[in-house]
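Below are the chains, spelled out letter by letter.
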Amino acid sequence: MAEIYYDNDADLSIIQNKKVAVIGYGSQGHAHAQNLRDSGVEVVIGLKEGSKSKPKAEEAGFRVLSAADASAWADVVVILAPDQVQRHLYADDIKDNLQQGNALVFGHGFNIRFGYIEAPEGVDVIMVAPKGPGHTVRREYEAGRGVPVIVAVEKDATGNAWPLVLSYAKGIGGLRAGGIKTTFTEETETDLFGEQAVLCGGVSQLVQYGFETLTEAGYQPQVAYFEVLHELKLIVDLMWEGGIAKQRWSVSDTAEYGDYVSGPRVIDPHVKENMKAVLADIQDGTFAKRFIADQDAGAPEFLALRKKGEQHPIEATGRELRKLFAWNASNDDDYVDGEVAR
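For clarity, every value in this text was computed on a predicted model and none was experimentally measured.

The rules we used
Residues numbered from 1 in each chain as written. Predicted model: local features only at pLDDT ≥ 70, side-chain atom pairs only at ≥ 80, totals over all residues. Heavy atoms only, no water. Core = buried A, V, L, I, M, F, W, Y, C linked by side-chain atoms within 4.5 Å. Buried < 20%, exposed > 50% of the residue type's maximum accessible area, 1.4 Å probe, protein only. Helix = DSSP H or I, 4+ residues; strand = E, 2+ residues; numbered from the N terminus. Contact = heavy atoms within 4.5 Å. Phe/Tyr/Trp six-rings, centres within 6.5 Å; stacked < 30°, edge-to-face > 60°. Lys NZ or Arg CZ within 6 Å of the ring centre and 35° of its normal. pLDDT = per-residue confidence, 0-100. Pairing = 2+ DSSP bridges. Patch = residues over 30% accessible without salt bridge, like charges linked within 9 Å, V, L, I, M, F, W, Y side chains within 5 Å. Areas by Shrake-Rupley, 256 points an atom, 1.4 Å probe, with all protein chains shown as cover. Salt bridge = Lys/Arg side-chain N within 4 Å of Asp/Glu carboxyl O.

Q: What exactly am I supposed to notice about the nonpolar core here?
A: In a soluble, globular protein the nonpolar side chains are often hidden away together inside. Judged by nonpolar contacts, the single largest core of 33 residues is most densely connected at Val 20, Val 43 and Ile 45. Residue assignment for this core shows that the elements contributing at least two residues are strand E2 (19–23), helix H2 (27–38), strand E3 (42–47), strand E5 (76–79), strand E6 (103–106), strand E7 (124–130), strand E8 (149–155) and helix H8 (161–171). If you tally residues by element for this core, the top one is H8, at 6 residues. Those residues within four positions of Val 43 in sequence are excluded, and the remaining contacts are Val 20, Val 22, Ala 33, Leu 36, Arg 37 and Phe 62. Grouped together as the second largest cluster of nonpolar side chains are 26 residues, Ile 79, Tyr 90, Ile 94 and Val 125 included.

Laid out in structure tokens, this is it:
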């Protein structure tokens, strides 16, 4: 059974008596920083020179320092920059500013798990990873609720890492919902696998193949879009509410029967074998090396794959159809000339 912690298991005063530097003010950074501040913690934001996030952080009332100055000031340094950036940020701005007894906090274990960051002796290395995007973490906190978190200690240099990680998790509201004890290895490997095999890679490829199968058979792309993409949210929402069983209970008998007899024909045992191969590449570091090497080279493979995906026919069809729904039109605001604005 999983070991789960709640608010009563944590002492909020521990993190309240620390100076916390949140490095990065993106999705998770803004939520951690604002929630901690509202929990009575002294927080500064550390950003690279010229960061577009600086005005947002200052508008929210935070003192913004360079990543180096913030790290030197803080007792607890929270690294919430993208995975591919973290090791450079750590080497250039954080490492030499850490002191004995400080703590490094991560929201994802990638750089520790694969050895891209090695903390110096005498520094605690902990993780608090909310299982939801930052805007949800913030919204739920403000509503008096919380988003579940998973918590881990990689290095307990001070002997007080566990009380600190639980206090931090309480400070961002995570223990209102519950904090599941894990390890950096388990969090990283399962997170990458879930993204690649199911949540992002698996679902995206399944939707594209479904769209291609219907349109190649002569069906209208607009109708195909509705059947393989648009209605996916309805199914996922049902699963989120009550598991696969509730989804099957909620749909028609025809759909449920088709689930049983046709699902295994599409997602057959070969798919599970492929998933095992994906997991093996994650576990032995093959994926991490490929990703980091590509990023270090300027991301040519990543950008080519992104462009290819954005040019799939289902994207043009979707952009036109979403204009029919007033409640959904604003979701395409990030698209410029048919491409995603980044």
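There is more to say after this.
Q: Help me out: how do you make sense of the packing of aromatic side chains in this one?
A: The geometry of an aromatic ring pair is captured by two quantities: the separation of the ring centres and the angle between the planes. Scanning the model with the defined rule gives 9 aromatic pairs in all. Ring geometry for Tyr 225 and Phe 226: centres 6.3 Å apart, planes at 75°, overall edge-to-face. Under the relative-accessibility criterion, Phe 226 is labelled partly exposed at 24%. Ring geometry for Phe 226 and Phe 325: centres 6.1 Å apart, planes at 90°, overall edge-to-face. Here Phe 325 lies in the loop between helix H18 (313–322) and strand E10 (335–336) and Phe 226 lies in helix H12 (residues 221–230), a separation of 99 residues in the sequence. A relative accessible area of 18% places Phe 325 in the buried class. Taken together, the ring pairs connect Phe 110, Phe 114, Tyr 116, Phe 287 and Phe 291 into an aromatic cluster. The ring of Trp 73 carries Arg 63 above its face, with NZ or CZ at 5.6 Å from the centroid.

Q: Even after reading the chapter, I still don't get the confidence of the model for the protein, so can you show me in this structure?
A: Regions with low pLDDT should not have their predicted coordinates read in detail. Residue-level pLDDT values for the protein average 94, and 95% of them are 70 or greater. Note on residues 335–342: pLDDT under 50 across the span, and 13 contacts to partners over four residues away in sequence or across chains.

Q: Honestly, the pairing of E3 in this entry has me stumped. Any pointers?
A: Regular strands place side chains that alternate from one sheet face to the opposite one. Burial analysis of E3 places 5 of its 6 residues in the buried class, which makes it a mostly covered element. Bridging between E2 and E3 involves 5 bridges; their strand directions are parallel. Paired with Val 20 across the bridge in E3 is Val 43. The pairing of E3 with strand E4 (residues 64–66) spans 3 bridges and is classified as parallel. Paired with Leu 47 across the strands is Ser 66, a residue of E4.

Q: Sorry, what's going on with unusual backbone geometry here?
A: Backbone phi values are negative for most residues with the exception of glycine, while trans is the configuration of most peptide bonds. Even without glycine at this site, Ala 299 takes up a positive phi of about 65°. Within the secondary structure, Ala 299 is located in the loop between helix H16 (286–296) and helix H17 (300–310).

Q: Would you take a moment to explain the side chain of His 30 for this structure?
A: By the secondary structure assignment, His 30 is in helix H2. Sequence-distant contacts of His 30, that is, excluding residues within four places in its chain, are made with Tyr 25, Gly 134, His 135 and Arg 138.

Q: What is the right way to read a nonpolar patch on the surface from this model?
A: Together, Val 198, Leu 199, Val 203, Leu 232 and Val 236 give the surface a local cluster of nonpolar side chains, amounting to about 380 Å² of exposed area. At the level of elements, helix H10 (184–199) and helix H13 (232–250) are the ones that each hand at least two residues to the nonpolar patch. Following the sequence through the fold, Leu 199 ends up in helix H10.

Q: Sorry if this is basic, but what is going on with the side chain of His 312 here?
A: Secondary-structure assignment places His 312 in the loop between H17 and H18. Judged by its relative accessible area of 10%, His 312 falls in the buried class. Setting aside residues no more than four positions away along its own chain, His 312 makes contact with Gln 208, Phe 211 and Glu 212.

Q: Is there a simple way to think about the pattern of salt bridges in this case?
A: Note that side chains of opposite charge can pair when their charged atoms are close. Enumeration over the complete set of coordinates arrives at 14 salt bridges. With a shortest N-O distance of 2.9 Å, Arg 113 and Glu 189 are connected by a salt bridge. Here Arg 113, found in helix H6 (residues 110–113), pairs with Glu 189, found in helix H10; they are 76 residues apart in sequence, far enough to count as distant. In this structure Arg 113 comes out as partly exposed when scored by relative accessible area, which is 22%. Since its relative accessible area comes to 13%, Glu 189 is described here as buried. The salt bridge involving Lys 276 is made with Glu 273; its shortest N-O contact spans 3.6 Å. Here Lys 276 and its partner Glu 273 are both found in helix H15 (residues 269–283), 3 residues apart, which amounts to about one turn of the helix.

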